Amino acid sequence: MTSPDSEIPMVQLLTLDGEFSAAREYAEYAELIRELREADFLKFYRDMARIRRFDNEATALQRQGQMGLWVPAVGQEAAQIGSGYGVGPNDHIFPSYREHGVAITHGVDLMSIVKMYRGANHGGWNPHETRFHLYAIVLGTQALHATGYAMGLNFEGRVGTGDPENDLAVITYFGDGATAEGDISEAFLFAATHNTPQVFFCQNNQWAISSPVGTQTKVPLYKRGEGFGVPGIRVDGNDVLACYAVTKKHMDDARGGKGPTLIEALTYRIGAHTTSDDPSKYRDSAEVEYWKARDPLIRFEKFLRNQGVGQDFFDEVEAAGDQLATEVREATFAMADPELEMMFDHVYSEPHPLIEEQKAWLQGYEESLGGHTPETPGDDSVSYGGTR
Amino acid sequence: MSNMVELSIAKAINAGIRKAMQENDKVLVFGEDVARLGGVFRVTEGLLDEFGEKRIFNSPIAESGIVGTAIGLAMRGFRPIAEIQFDGFIYPAFDQIVSQLAKLTNRSEGFLQMPVVIRVPYGGGIGAVEHHSESPEAYFAHTAGLRVISPSNANDAYWMIQQAIKSPDPVMFFEPKRRYWQKGQVDLDQAPIDMHSAVTLRAGSDVTIATYGPMVVTALQAAEIAAQEGINIEVIDIRSMSPIDFGHIAESVKKTGRLIVTHEAGTFVSISSEIAARIAELCFYYLEAPVIRVGGFDVPYPAAKLEELYLPDADRLMEAVDRVLAY
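Residues numbered from 1 in each chain as written. Chains lettered and ligands numbered in written order. Predicted model: local features only at pLDDT ≥ 70, side-chain atom pairs only at ≥ 80, totals over all residues. Heavy atoms only, no water.

### Things to note about the nonpolar core
Soluble globular proteins: nonpolar side chains tend toward being buried together. All names here are of chain A. Note the following rule: Here the nonpolar core consists of buried residues drawn from Ala, Val, Leu, Ile, Met, Phe, Trp, Tyr and Cys, with membership extended through side-chain atoms lying within 4.5 Å. Three labels apply to residues, based on accessible area from a 1.4 Å probe with only protein chains included: buried if under 20% of the type maximum, exposed if over 50%, partly exposed otherwise in between. Helix and strand assignments come from DSSP, with helices taken as H or I runs of at least 4 residues and strands as E runs of at least 2, each series counted from the N terminus. Any two residues whose heavy atoms approach within 4.5 Å at even a single point are treated as in contact.
Tyr117, Phe200, Leu241, Phe300 and Leu304 are the most contacted members of the largest nonpolar core, which totals 89 residues. If one sorts the elements of this core by residue count, helix α2 (residues 38–63) sits on top with 10 residues. Leaving out residues up to four positions away in the same chain, Phe200 has contacts with Ala143, Thr147, Thr172, Phe174, Ala187, Phe188, Ala191, Val230, Pro260, Thr261, Leu262 and Ile263.

In C-alpha cells:
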C-alpha cells in the first residue's frame with residue numbers, strides 16, 4: 001500500500017507516536033532540532049494547522065464558484081512548513097504551484113494565491129520582496145530559473161565566505177511528476193557543473209494526477225541527481241522536524257559552498273490533484289486511509305502533547321484557523337475583478353506599439369458599449385482541467 | 001568627426017558585445033562553445049581573454065537549460081546574452097522562451113524584467129546539413145513578450161546588439177549567418193536609429209520591396225537590375241519583426257502603390273503574411289496591385305544541393321516585380 005520502495009532508509013526524527021528519536025546516522029540532523037525552542041515547535045504546528053484550514057476553505061470557495069481552480073496540499077504540510085523554515089530568511093525559493101505552506105513561511109500573503117487561482121491574475125506577488133518566486137505551472141521550468149539564480153550568486157561571490165550576512169542559497173520545489181521533465185535533469189547538470197548553492201526539494205506525493213510514481217521513475221527519486229553529480233537524501237515528508245533539519249543542513253551546506261543537494265520528501269497527496277480531479281477513479285480508498293493515519297499534523301500534535309503543550313494551545317490554534325477562514329472568505333467575496341488594462345500592461349517593460357494599439361482599441365470599443373465593468377464570476381464559471 | 005571602421009557583420013557583433021561587456025559588468029555571455037573557441041562562427045572570439053570565465057563560459061549542450069538559467073540570472077540582476085548555436089537547435093528551448101522568458105514580466109505584473117538577449121545565427125545559403133539553415137523568426141514574432149530583430153549590415157549589427165542588451169525586455173537577435181563575412185562601414189560613435197525602426201536603403205518610385213536580414217542584399221541586387229530596365233525600386237530594411245514599423249512601410253507604399261515582401265522563411269503564416277495584411281488595411285486606397293510575397297517554399301529546408309532553388313534570389317524578385325507592375 002505504500003510505495004514499492006518504502007523500505008529505503010530515510011531521515012525520520014519523529015516516530016508515528018510523536019516521540020523524538022534519531023538513528024545514529026542522523027545525529028547531525030537531530031542536533032539541529034536540539035537547537036530549537038518551544039516557540040519554534042509551536043510556530044511549526046500553528047502554520048501547519050493554518051495552511052490546512054486555509055486549504056480546506058479554498059476548496060470550499062472553489063466549490064462555490066469563487067475560484068476557477070484550487071490545488072490542495074493537504075497531507076504535505078510537514079514537508080512544506082518544515083522545509084520552508086529550514087530555508088534562511090534571505091534565501092530564494094522557486095516553487096511549483098502547490099507550495100502554499102512554503103509561501104507562508106516566507107510571508108507571502110495567502111490572498112495573492114487565492115487571487116491567482118480565482119483567475120484574477122497569473123501570480124503577481126513581488127518575488128524580489130518575498131524571495132518566494134512565482135508559481136510555475138509548466139512542470140520543472142522553475143528548477144532552471146533557480147539554478148540560473150544560484151549561478152548568479154556564485155558569480156557575485158555570495159557563497160562560501162562564512163559571512164552569514166553575505167552568503168545565500170536557493171531552493172526549488174517540484175513534485176515526483178516533474179522529475180520526468182527534461183528541465184529537471186538539465187537543472188541537475190547545470191547545478192552540478194557550476195557547484196551552485198542550491199537545494200532541489202522534491203515532494204514525492206506519489207501521484208501525478210492519476211499516474212503513480214512508478215510511471216515517472218524506475219529508481220528511487222532521491223537517486224535521480226547522482227548521475228549528474230547531485231547527491232540525494234530521502235526524508236520522511238510527514239515529519240516536520242526531519243524536513244526542517246534536512247533542509248536546514250543542506251541549505252547551510254549550499255550557502256557554505258558545498259554545492260547542490262537533492263532532497264526527496266516522501267509524503268502523500270491526501271486530496272485530489274486539483275478541484276477538477278477525481279482520485280476515486282484511479283486509487284484505492286484503503287491507500288488513502290493508510291496515509292491519513294500518517295497525517296503530519298496528528299503526529300506533530302502527539303509530539304507537542306508529549307512535550308507538555310496543553311489543550312489551550314490547540315484551542316487557540318483552532319480559533320485562529322476559524323478566524324483565518326472567515327477572513328479569507330470575506331476577502332475573496334470582496335475581491336474585485338481586474339480592469340481590462342491589466343491584460344495589456346506589463347506584456348513588455350517598454351511600450352510596444354501593437355499592444356498599445358490593441359489596448360486603445362478595446363478601451364474605445366468598451367467605451368462605445370457603455371464602459372467595461374469588472375464582474376464577479378458566479379457559479380457558472382467554466383471549470384477546466386488546470387495544472388498537472 | 002565620426003569614428004568609422006570597416007568590419008564584417010560577425011566582427012561588428014563581437015565589437016558590440018565587447019563594448020556592452022565593458023560598460024556593464026552584469027552582461028554575461030554563454031552558450032555552446034562560445035568561450036575558448038569563440039563560437040562556431042567566431043562571433044565571441046577573444047572575449048574570454050578580456051573578460052574571464054565568470055563573464056563568458058561554455059554551457060552544457062542543453063538549450064532549454066541555457067535559456068532557463070539565463071532567466072534565473074536575469075532574475076538575479078544579470079543581463080545574459082545566450083547563444084543558440086544554430087537556428088534549428090532552438091526548439092528544445094521553445095518552452096523556456098515562449099512560456100517563461102516571454103511571459104514572466106506579465107506574470108509578475110512588472111515586478112520582474114527579463115533583459116535577456118538570445119542570439120541565433122539563422123538562414124541558409126551556406127551549404128549546411130539539415131537543421132542548420134532555418135528561419136524560425138515567425139514563431140517568436142508571434143509570441144507576445146518577445147522583441148525580434150535582425151541586422152542586415154555591419155553598422156546595424158554593431159548598434160542593434162548593444163540596443164538589444166540594453167533593452168529591459170527579452171530580445172531574439174537573429175544573425176544572418178550567410179552574411180557574417182559581409183563587410184561594411186561601422187560608425188563607432190553614433191547609433192543610427194532605434195532597433196525597431198525600419199530604414200529605407202534605396203529610394204524608388206515604382207515598387208517597394210520590404211525585407212530584413214540576409215535578404216536585404218538580395219533586394220538591393222534586384223533593385224540594381226530593375227534600374228537598368230528603368231524600374232525604380234524602393235528597398236526597405238524593416239530590421240525588426242516584433243514590433244514591425246508598419247508606418248514606415250505604409251509611407252513608402254502610399255508613394256509606390258506596389259509592395260513585395262521577401263524573406264527566406266516559407267511565406268505561409270509568416271512575417272510577410274502579417275505585413276501584407278496590415279498594408280492592405282493601412283494602404284487600401286493606395287494599392288495598385290496586391291501585395292506579393294516572395295519567400296522560401298513551405299517545405300522542410302531542403303538538402304544543400306537544392307537550396308539555390310529554395311532561396312529567393314534577385315531573379316525571383318524580378319519575376320515578382322513584373323507581376324506587380326502588370327496590374
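### Here we look at the pattern of salt bridges
All names here are of chain A. Cut-off, in case you're wondering: By convention in these notes, a salt bridge is any Lys or Arg side-chain nitrogen within 4 Å of a carboxyl oxygen on Asp or Glu.
Taken as a whole and judged by the stated rule, the model has 39 salt bridges over all chains. For Arg269, the salt bridge goes to Asp277, with nearest N and O atoms at 3.5 Å. For the pair Arg269 and Asp277, a shared accessibility class is recorded, and that class is buried. Between Lys359 and Asp345 there is a salt bridge, with its nearest N and O atoms 2.9 Å apart. Separated by 14 residues along the polypeptide, Lys359 in helix α13 (residues 353–368) and Asp345 in the loop between α12 (311–334) and α13 bring together distant segments of the chain. Its relative accessible area of 17% is what places Lys359 among the buried residues. Through salt bridges with shared partners, one network takes in Glu28, Lys249, Asp253 and Lys258.

### Some thoughts on the sheet that holds strand β4 (residues 79–83) of chain B
Residues and elements named next belong to chain B. Worth spelling out the cut-off: We treat two strands as partners when DSSP finds at least two bridges between them. To get an axis, fit a line to the C-alpha atoms, keeping to the stretch in contact for a helix; angles then go from 0 to 180 degrees between the N-to-C directions.
As summarised here, the arrangement of the seven strands in space is β3-β2-β4-β5-β7-β6-β12, forming an open sheet in which the pairing is mixed. At either margin of the open sheet sits one strand with a lone partner, and together these are β3 (56–58) and β12 (240–242). Neighbouring strand axes in the sheet, compared pairwise and without regard to direction, differ in orientation by 20° on average. Two strands pair when backbone bridges link them, and strand β2 (residues 27–31) and β4 are joined in this way by five bridges, in the parallel orientation. By the bridge assignment, Phe30 is partnered in β4 with Ala82.

### Side note on the interface of chain B and chain A
In plain terms, the rule: Buried area, as used here, totals the accessible surface that two parts lose on assembly, with accessibility defined by a 1.4 Å probe and the loss added over both.
If you look at the interface, chain B gives 44 residues, while chain A gives 45 residues. Summed over both sides, the interface between chain B and chain A buries roughly 3600 Å², with carbon and sulfur atoms accounting for 60% of that surface. Along the contact surface separating chain B from chain A lie three salt bridges. A salt bridge links Glu156 of chain A to Arg76 of chain B; the nearest nitrogen and oxygen atoms lie 2.8 Å apart.

### Looking at the domain arrangement of chain B
All names here are of chain B. Spelled out, the test is: Domain borders in the structure are assigned automatically or taken from a domain database. Polar contact is the term for a pair of N or O atoms within 3.5 Å; when the atoms are in protein, one must be able to donate a hydrogen and the other to accept it, and sequence-neighboring residues count only if both atoms are side-chain atoms.
Along its sequence, chain B is carved into domain 1 (4–187) and domain 2 (199–325). Computed from C-alpha atoms alone, the centre-to-centre distance between domain 1 and domain 2 is 26 Å. In this complex, domain 1 contributes 28 residues to the contact, which on the side of domain 2 involves 22 residues. Roughly 1900 Å² of surface becomes buried between domain 1 and domain 2 when both sides are summed, with 51% attributable to carbon and sulfur atoms. Between Glu264 and Arg178 there is a salt bridge whose closest N-O contact spans 2.6 Å. Our count for the domain 1 to domain 2 interface comes out at 15 residue pairs in polar contact (both at pLDDT 80 or more). Looking at the side of domain 1 that touches domain 2, the elements with two or more residues in it are α6 (137–141), β6 (147–149), α7 (154–166) and β7 (171–176).

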